[in-house]
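Fold and contact review
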Amino acid sequence: MNSTIATRRGFLGAATAAVAGLLAPRMVFAQPMDPRVLKFNHTHTGEKLAIEYWRSGAYEPEGLGAINRLMRDFRTGDIHPIDPGLLDLLHDIKSVTETRAPFEIISAYRSPTTNTALNRHSNGVAKNSLHLKGMAIDVRLGDVSLKDLRRAALSTRRGGVGYYAGSNFVHVDTGRVRTW
């Protein structure tokens, strides 16, 4: 009799999980072993990059290095490591939006000198911005509306999402979850 109860509980648990899976919103995120490729156009330097940054369950050092160079502070030339979690977040946004366009980079890493100068001239630049740590990027996509890009970023439920319609970009970062 106990085996009947255990079997019934197992069936009910599996049935509940199946129904929950049907009712839950469908999110398409990177699978652990799938290769991850990102494409970028840097709006200030004109540089373009399409690169596989993850392969066979590991980050590719060459890919990360190329991304660090592309996302450097374009004002000073300073290079800083970009958080691989930020790249994974962009990859997930790419999957959700089903974009074929490259991410257009407005701003990625910012040196302390650049961030201080920008902070003096704009109240939209945080004094301790995550751009300083390589954990934030301001982007847009040529084939996705800004509102849909924002929605896709919010759907990941990871990090901060800032919506700057007037400046035509969305900010995403790997800090705590918050929106503005």
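Scroll up to find the structure this text is about.
In short, a report on the structure. (Residues numbered from 1 in each chain as written. Predicted model: local features only at pLDDT ≥ 70, side-chain atom pairs only at ≥ 80, totals over all residues. Heavy atoms only, no water.)

**Section: unusual backbone geometry**
Notably, Ser 56 is not glycine yet its phi reads approximately 50°, a positive angle. Checked against the element boundaries, Ser 56 lands in the loop between β2 (48–55) and β3 (58–59). Using a relative accessible area of 57% as the deciding quantity, one classes Ser 56 as exposed. One non-glycine residue with positive phi stands out, namely Asn 168, at about 60°. Looking at the element boundaries, Asn 168 is found in the loop between β6 (160–164) and β7 (169–173). Owing to a relative accessible area of 38%, Asn 168 belongs among the partly exposed residues under this scheme. (Helix = DSSP H or I, 4+ residues; strand = E, 2+ residues; numbered from the N terminus. Buried < 20%, exposed > 50% of the residue type's maximum accessible area, 1.4 Å probe, protein only.)

**Concerning helix α3 (residues 84–97)**
The end-to-end C-alpha distance of α3, which contains 14 residues, comes to 20 Å, matching closely the 20 Å that a straight helix rising 1.5 Å per residue would cover. Three or more residues of α3 are buried, namely Leu 86, Leu 87, Asp 88, Leu 89, Leu 90, His 91, Asp 92, Ile 93 and Thr 97. Positive backbone phi, approximately 60°, marks Glu 98, located one or two places after α3. (Expected span 1.5 Å × (residues − 1).)

**Describing the nonpolar core**
By size, the foremost hydrophobic cluster in this structure holds 32 residues, and its most contacted members are Phe 40, Ile 67, Met 71, Ile 137 and Val 172. Of all elements in the fold, only β1 (36–42), β2, α2 (61–70), α3, β4 (103–107), β5 (136–141), α5 (146–155) and β7 reach the threshold of two or more residues within this core. With 5 residues, the top contributor of residues to this core is α3. Not counting chain neighbours up to four residues away, the residues in contact with Ile 67 comprise Phe 40, Leu 49, Ile 51, Tyr 53, Ile 82 and Leu 87. (Core = buried A, V, L, I, M, F, W, Y, C linked by side-chain atoms within 4.5 Å. Contact = heavy atoms within 4.5 Å.)

**A word on the side chain of Arg 110**
The residue Arg 110 is located in the loop between β4 and α4 (112–121) in this model. Note on Arg 110: relative accessible area 8%, which makes it buried. There is a polar contact of 2.9 Å between the side chain of Arg 110 and the side chain of Asn 115. Excluding anything up to four places from it in sequence, Arg 110 contacts Asp 73, Asn 115, Leu 118, Val 125, Ser 129, His 131, Leu 132 and Asp 138. (Polar contact = N/O pair within 3.5 Å; in protein donor to acceptor, adjacent residues only side chain to side chain.)

**Observations regarding the packing of aromatic side chains**
In this structure the tally under the stated criterion is 4 aromatic pairs. Here Phe 40 and Phe 103 contribute two aromatic rings whose centre-to-centre distance is 6.3 Å and whose plane-to-plane angle is 40°, an arrangement assigned as tilted. Here the residue Phe 40 occupies a position in strand β1, and Phe 103 occupies one in strand β4, the gap between them amounting to 63 residues. Given a relative accessible area of 1%, Phe 40 falls into the buried group. Consider the rings of Tyr 53 and Tyr 59, whose centres lie 6.2 Å apart with planes at 20°: the pair is stacked. Classification of Tyr 53 by relative accessible area gives buried; the value is 0%. Residue class for Tyr 59 comes out partly exposed when judged on its relative accessible area of 30%. Three or more aromatic residues joined by ring pairs form one cluster here, namely Tyr 53, Trp 54 and Tyr 59. When the ring centre of Trp 54 is taken as reference, the NZ or CZ atom of Arg 36 above it lies at 3.9 Å. (Phe/Tyr/Trp six-rings, centres within 6.5 Å; stacked < 30°, edge-to-face > 60°. Lys NZ or Arg CZ within 6 Å of the ring centre and 35° of its normal.)

**Some points on the pattern of salt bridges**
Scanning the entire structure with this criterion turns up 9 salt bridges. In this structure, Asp 173 engages Arg 178 in a salt bridge whose closest nitrogen and oxygen atoms are separated by 2.7 Å. Note on Asp 173: relative accessible area 1%, which makes it buried. Salt bridges here are not isolated pairs; linked through shared partners, they connect Glu 52, Arg 55 and Glu 60. (Salt bridge = Lys/Arg side-chain N within 4 Å of Asp/Glu carboxyl O.)

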